Amino acid sequence: MIAKQTIEAIAREQLQGTGLSLVEVSVSDDNDIEVTIAREGGGVSIDDCVALSRFIESKLDRDREDFSLMVGSAGI
């Protein structure tokens, strides 16, 4: 199982200096990963979610451990 702390660290690395913040990360026993982000005052775009999703995927190895990943905005 992929550790929640691993995903949090990867996400924080990408979000640093973007005005976005990490709200929540959950990882199920089946490696279903859900990441929720927010921007103060709203305004999280689809591009923000896609960029974070691609960054997280680039840091994980599907050959070692399969996973599904969903990145979304708080409140949507």
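Remember, it's a predicted structure, so these values are computed and weren't measured experimentally.

## Topic: the environment of arginine 62
Here's step 1: Looking at where arginine 62 falls in the secondary structure, it is placed in the loop between α2 (46–59) and β3 (68–73).
Here's step 2: Taking the relative accessible area as the measure of exposure, arginine 62 reaches 39% and is therefore partly exposed.
Here's step 3: Ignoring any residue separated from it by four or fewer positions in sequence, one finds arginine 62 in contact with Glu57 and Phe67.
Here's step 4: Side chain to side chain, arginine 62 and aspartate 66 meet in a polar contact 3.3 Å long.
Here's step 5: From its side chain, arginine 62 meets the backbone oxygen of phenylalanine 67 in a polar contact 2.6 Å long.

## Considering α2
Here's step 1: Between its first and last C-alpha atoms α2 spans 20 Å; for 14 residues at 1.5 Å apiece the expected length is 20 Å, and the two agree.
Here's step 2: For α2, the elements touching its buried residues are α1 (4–15), β1 (20–27), β2 (32–39) and β3.

Rules used throughout
- Residues numbered from 1 in each chain as written.
- Predicted model: local features only at pLDDT ≥ 70, side-chain atom pairs only at ≥ 80, totals over all residues.
- Heavy atoms only, no water.
- Helix = DSSP H or I, 4+ residues; strand = E, 2+ residues; numbered from the N terminus.
- Buried < 20%, exposed > 50% of the residue type's maximum accessible area, 1.4 Å probe, protein only.
- Contact = heavy atoms within 4.5 Å.
- Polar contact = N/O pair within 3.5 Å; in protein donor to acceptor, adjacent residues only side chain to side chain.
- Expected span 1.5 Å × (residues − 1).

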